[in-house]
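What follows is the residue order along each chain.
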Amino acid sequence: MEKTQRCNKDTNIGFCLLPSELIQNILFHLCIPEIIRMKLLNKFVLNTISDQTFIRQLNHGSQRDTWIFVYTRRWRRDNGVLHGFSNRSVRWFKIPVAEILTGEVFPGEDLYLLTASGNFLLFASNTHSGIIAVDLVDKSVRRINSCPLGPRGTSSWRRSGMKLVPDPSNPSHFRFMFAEMVNNRPVLFTYNSNTTTWTTKEAEEVNNWAYKKNNNVFLSLSNRPHESIVMSVDDGSMINPVPSILRPRMNQDAIRGCPSSVGFSRNDLESQLLHIHGDGYKVVIRLDTIELSKLKKMKSLEVWEISSNGEKWELVTKAPSEVISNKSCGVMMGCLERRLGVIRVALMTNREGLWNIIWLDYDKDKDKWDWVPLPHCRFLQGSNMAGISFSSGLTFSL
């Protein structure tokens, strides 16, 4: 033990003797959770990490990262465990979200991960039907006051119908947007953490619609066999986003009369299709049933997008066979995100209680597919899924 402590101390001293430019270059290659731990090394490293110029350079790179967060529980009332993986890391990070929540949530509170973006994760509480926002970098917690629709359990939230939008001018604040049909009318609900208030705005049908895909937020309201209802929010302004209603249709032959589902979706046993919606796109996965078993295998994966006039779904691409998983599974579900020109799909499969995660990226401009290798998800085994979400990169506050 003494020898190990002496070696660690010598290593720390040796690291601090390196030129400051080299130390900063080493830190630039680390993910934010690793840098947070480096703050505890000694005062010299803490001062280096706290330098405003260093933080600006670090944020410039890290905000382009993509994270995937997975929240699991052993049983319903236990303290859940959060794991995160970045597209430029080589391992899963176990993030002490239970410690952050200590003293802020009620004992035995039943939490479920709704969505994530930037430094924030949103959890829904089944116990008290509320929303809890967690800042992973500042390690702060805030309860969001009840939404205008009243208390909502996790089953009331549709993942493709919500969006967490960080404030670009202040990473300590965010807006949470979700779309809902109220009295058969489409309504946008927005929570602003800066003012701690909710606003509501009814969406309108539009003619001759055109949009700027990079600025618009798309929230799914419903997805029926041949027509979807999608709310488009012009998010070029933080002040007064105006929602519009789109009704893109799919060609009947393309979907062969099979129903589609919304957001975080499960495959329909009869149709052998899995539809995953998000950010104005949908992924359609065709599954083959393995003979003499209830297991399925992925046959094809297609990406569709809303047309420029908002009237139909258009096929973008079909994934090549080399990124199609040939592993059999009993259940498949997934989530989708589009950011920085890349469409990301996370697929979770389960076979006889064993979970696996597949991460695929499609760069539309380059017309290029990538399979993102993930370390073994040992933490999933024996656990119950309590939420999964893509997220933009973590950043430090200036």
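Per an unreviewed UniProt entry, the protein chain goes by the name F-box domain-containing protein and belongs to Eruca vesicaria subsp. sativa.

Trainee: For this particular structure, what's the right way to read the overall build of the protein chain?
Mentor: For the protein chain, the helix and strand inventory stands at seven helices and 25 strands. Here the analysis covers contacts within the protein chain between residues at least 6 apart in sequence; of these, 53% occur between residues at least 24 apart.

Trainee: What should I look at first to understand the sheet that holds strand β14 (residues 228-234) in this one?
Mentor: Taken together, four strands build an open sheet; the order of strands is β12-β15-β14-β13 and the sheet is mixed. Every interior strand has two partners, whereas the edge strands, β12 (204-205) and β13 (216-223), have only one. Two strands pair when backbone bridges link them, and β14 and strand β15 (residues 243-246) are joined in this way by four bridges, in the antiparallel orientation. Within the sheet, the bridge partner assigned to V230 lies in β15 and is L246.

Trainee: What should I look at first to understand the packing of aromatic side chains in this one?
Mentor: To describe a pair of aromatic rings, you give the distance between the ring centres and the angle between the ring planes. For the structure shown, the criterion picks out 18 aromatic pairs. Ring geometry for F85 versus W92: centroids 5.6 Å apart, planes at 50°, classification tilted. For the pair F85 and W92, a shared accessibility class is recorded, and that class is buried. Judged by centre distance (6.2 Å) and plane angle (80°), the ring pair of F85 and W359 falls under edge-to-face. Within this pair, whereas F85 is found in strand β2 (residues 81-86), its partner W359 is found in strand β23 (residues 354-363), the two being separated by 274 residues in sequence. Across this residue pair, the class does not change: F85 and W359 are buried.

Trainee: I would appreciate a short explanation of the side chain of R344 in the present structure.
Mentor: Positionally, R344 belongs in strand β22 (residues 342-351). A relative accessible area of 5% means that R344 is categorised as buried. A distance of 3.2 Å separates the side chain of R344 from the backbone oxygen of R339, its partner in a polar contact.

Trainee: Mind showing me how you'd approach the environment of W157 here?
Mentor: Position of W157 relative to the elements: it lies in the loop between β7 (140-144) and β8 (162-167). The class for W157 is buried, based on a relative accessible area of 9%. Taking C-alpha positions, W157 is 9.4 Å from E180, a pair spaced 23 residues apart along the chain.

Trainee: How should I be thinking about the pattern of salt bridges in this particular structure?
Mentor: Pairing is possible between side chains that carry opposite charge, provided their charged atoms lie close to one another. Across all of its chains, the model carries 13 salt bridges by this definition. Across the pair D110 and R73 runs a salt bridge, and its minimum N-O distance is 3.0 Å. Taken together, the positions of D110 in the loop between α6 (97-101) and β4 (111-117) and R73 in strand β1 (residues 66-73) put the pair 37 residues apart, joining distant regions of the chain. Both residues of the pair, D110 and R73, belong to the buried class. When the shortest N-O distance is used, the salt bridge between R344 and E337 registers 3.8 Å. With respect to class, R344 is no different from E337; both count as buried. It is possible to trace a salt-bridge network through shared partners that takes in E337, R344 and D361.

Trainee: Before we go on, may I ask you to explain unusual backbone geometry in this structure?
Mentor: Excluding glycine, most residues fall at negative phi; most peptide bonds, likewise, are trans. Backbone geometry places N184, a non-glycine residue, at a positive phi of 65°. Take N184: it is sitting in the loop between β9 (170-182) and β10 (185-192). A positive phi is found at T196, a non-glycine position, where the angle reads about 55°. Looking at T196, the relative accessible area reads 46%, which means it is partly exposed.

Trainee: Explain the pairing of strand β24 (residues 368-372) to me, please; I cannot follow it from the model alone.
Mentor: On a regular strand, each side chain points to the face opposite its neighbour's, so the side chains alternate between the two faces of the sheet. Pairing of β23 with β24, which is carried by five bridges, proceeds in the antiparallel orientation. Counterpart to W359 in the pairing with β24 is V372.

Trainee: Explain the pairing of β15 to me, please; I cannot follow it from the model alone.
Mentor: The side-chain alternation of β15 yields two buried faces, one formed by P243 and I245 and the other by S244 and L246. Bridge count between β12 and β15: two bridges; the pairing is parallel. The partner of E204 across the bridge, within β15, is S244.

Trainee: How should I be thinking about the packing of helix α2 (residues 20-28) against helix α4 (residues 43-50) in this particular structure?
Mentor: Each pair of packed helices can be described by the angle between their axes along with the distance between the axes. Contact geometry of α2 with α4 gives a least axis separation of 11 Å together with a crossing angle of 70°. Regarding the angle of α2 to α4, the classification is roughly perpendicular. For α2 against α4, the interelement crossing comes out right-handed. Contacts from I23, Q24 and L27 of α2 reach α4 at F44, T48 and I49. Residues of the contact of α2 with α4, tallied by class, amount to four nonpolar, two polar and no charged.

Cut-off values and rules
Residues numbered from 1 in each chain as written. Predicted model: local features only at pLDDT ≥ 70, side-chain atom pairs only at ≥ 80, totals over all residues. Heavy atoms only, no water. Helix = DSSP H or I, 4+ residues; strand = E, 2+ residues; numbered from the N terminus. Contact = heavy atoms within 4.5 Å. Pairing = 2+ DSSP bridges. Phe/Tyr/Trp six-rings, centres within 6.5 Å; stacked < 30°, edge-to-face > 60°. Buried < 20%, exposed > 50% of the residue type's maximum accessible area, 1.4 Å probe, protein only. Polar contact = N/O pair within 3.5 Å; in protein donor to acceptor, adjacent residues only side chain to side chain. Salt bridge = Lys/Arg side-chain N within 4 Å of Asp/Glu carboxyl O. Axes fitted to C-alpha atoms, helices over the stretch in contact; angles between N-to-C directions. Parallel < 35°, antiparallel > 145°, perpendicular 65-115°, else oblique. Left-handed = near helix turned anticlockwise from the far one by under 90°. Nonpolar A, V, L, I, M, F, W, Y, C, P; charged D, E, K, R; others polar.

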